[in-house]
Amino acid sequence: MHLTVSIDDIENSKDKTLNCKFENEIEGINSKGPITADLTLKSLGDFIEVEGKVSGTVILECDLCLKEFEYDLDFDIEEMFAKYALMEDYGQETELKEGQFITDLNGEDKIDIYDLLYQSVILNIPNKKVCGINCNGDKFLKEENLSDPRLDVFKTIQIDKG
């Protein structure tokens with residue numbers, strides 16, 4: 001499923017502003033229920049500004065104990081798209097001022113909202129995924145005796161210190 005918004009629809013809307021609601025699962029993201037987004041797309045001449053709020057619950061695997069846990073998403077989106085090529089000397093993204101990037105649509109007549117949401121959710125998942133402050137990852141791994149039989153050969157290796 002792909003949700004796209006036509007630039008012409010934004011241009012022809014009242015105040016050149018279009019509201020967009022998304023409430024669905026996103027392929028490739030393990031979520032508990034739908035990911036929801038309330039977005040406002042606004043034409044600013046040569047640029048399209050996308051702002052809004054995204055929320056939902058994703059299922060992550062703890063980096064310490066390997067158990068699944070729920071992680072609540074609740075973040076703001078602020079993206080800027082250039083309708084026409086910015087400058088041929090630069091790549092797909094250009095930084096205007098510190099922390100503000102503009103994505104070049106390269107003449108495309110639509111903005112892929114689905115892709116924007118996918119990327120935004122992925123970027124808002126923490127790098128270190130831990131199920132809780134009291135996670136005893138080592139205890140769990142020892143109790144479950146999670147050993148890989150393929151590694152048993154290393155238990156009997158003798159090291160010559162000669």
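Residues numbered from 1 in each chain as written. Predicted model: local features only at pLDDT ≥ 70, side-chain atom pairs only at ≥ 80, totals over all residues. Heavy atoms only, no water.

A.B. asks: For this particular structure, what's the right way to read a nonpolar patch on the surface?
C.D. replies: A grouping of L151, V153, F154, I157 and I159 is seen on the molecular surface, where their side chains present a nonpolar patch of about 540 Å² in accessible area. Here I157 lies in the segment after helix 3 (137–143). (Patch = residues over 30% accessible without salt bridge, like charges linked within 9 Å, V, L, I, M, F, W, Y side chains within 5 Å. Areas by Shrake-Rupley, 256 points an atom, 1.4 Å probe, with all protein chains shown as cover. Salt bridge = Lys/Arg side-chain N within 4 Å of Asp/Glu carboxyl O. Helix = DSSP H or I, 4+ residues; strand = E, 2+ residues; numbered from the N terminus.)

A.B. asks: When you look at the pattern of salt bridges in this model, what are you seeing that I'm missing?
C.D. replies: Two side chains bearing opposite charge may form a pair once their charged atoms approach each other closely. According to the stated counting rule, one finds six salt bridges in the structure shown. The residue K53 makes a salt bridge to D74 at a minimum N-O spacing of 3.4 Å. On the criterion of sequence distance, the pair formed by K53 in strand 4 (residues 47–61) and D74 in strand 5 (residues 68–82) is long-range, its members being 21 residues apart. Two residues, K53 and D76, come together in a salt bridge whose shortest N-O distance is 3.3 Å. Remark: D76 occurs in strand 5 and K53 occurs in strand 4; sequence separation between them is 23 residues.

A.B. asks: How should I be thinking about the packing of aromatic side chains in this particular structure?
C.D. replies: For any pair of aromatic rings, the description rests on two quantities: the centre-to-centre distance and the angle between the ring planes. In the structure shown here, the tally under the stated rule is one aromatic pair. Aromatic pair F22 and Y114: ring centres 6.2 Å apart, planes at 70 degrees, arrangement edge-to-face. In this pair, F22 is assigned in strand 2 (residues 17–24) and Y114 in helix 2 (residues 113–123), connecting sequence segments 92 residues apart. Each of the two residues, F22 as well as Y114, counts as buried. (Phe/Tyr/Trp six-rings, centres within 6.5 Å; stacked < 30°, edge-to-face > 60°. Buried < 20%, exposed > 50% of the residue type's maximum accessible area, 1.4 Å probe, protein only.)

A.B. asks: Sorry if this is basic, but what is going on with the confidence of the model for the protein chain here?
C.D. replies: Caution is warranted with low-pLDDT regions, since their predicted coordinates should not be read in detail. On average, residues of the protein chain score 82 in pLDDT, and 81% of them are at 70 or above. At the low end of the mean pLDDT range in the protein chain sits strand 6 (residues 93–97), at 50; at the high end sits strand 4, at 94. (pLDDT = per-residue confidence, 0-100.)

A.B. asks: Honestly, unusual backbone geometry in this entry has me stumped. Any pointers?
C.D. replies: It is generally the case that most residues other than glycine have a negative phi and that most peptide bonds are trans. With a phi close to 60 degrees, D15 is a non-glycine residue in the positive phi region. Backbone geometry at K16 places phi at a positive 50 degrees, although glycine is not the residue there.

A.B. asks: Any chance you could explain the side chain of S6 here in plain terms?
C.D. replies: Summarising the element assignment, S6 is placed in strand 1 (residues 4–6). At a separation of 3.2 Å, a polar atom in the side chain of S6 contacts the main-chain amide nitrogen of D8. (Polar contact = N/O pair within 3.5 Å; in protein donor to acceptor, adjacent residues only side chain to side chain.)

A.B. asks: Looking at this model, I keep getting lost on the nonpolar core. Mind explaining?
C.D. replies: Nonpolar side chains in soluble globular proteins tend to end up buried together. Counting residues in each nonpolar core, the largest one holds 32 residues, and the members touching the most others are L39, L41, L117 and V121. For this core, the secondary-structure elements that each account for two or more residues are helix 1 (7–11), strand 2, strand 3 (35–44), strand 4, strand 5 and helix 2. (Core = buried A, V, L, I, M, F, W, Y, C linked by side-chain atoms within 4.5 Å.)

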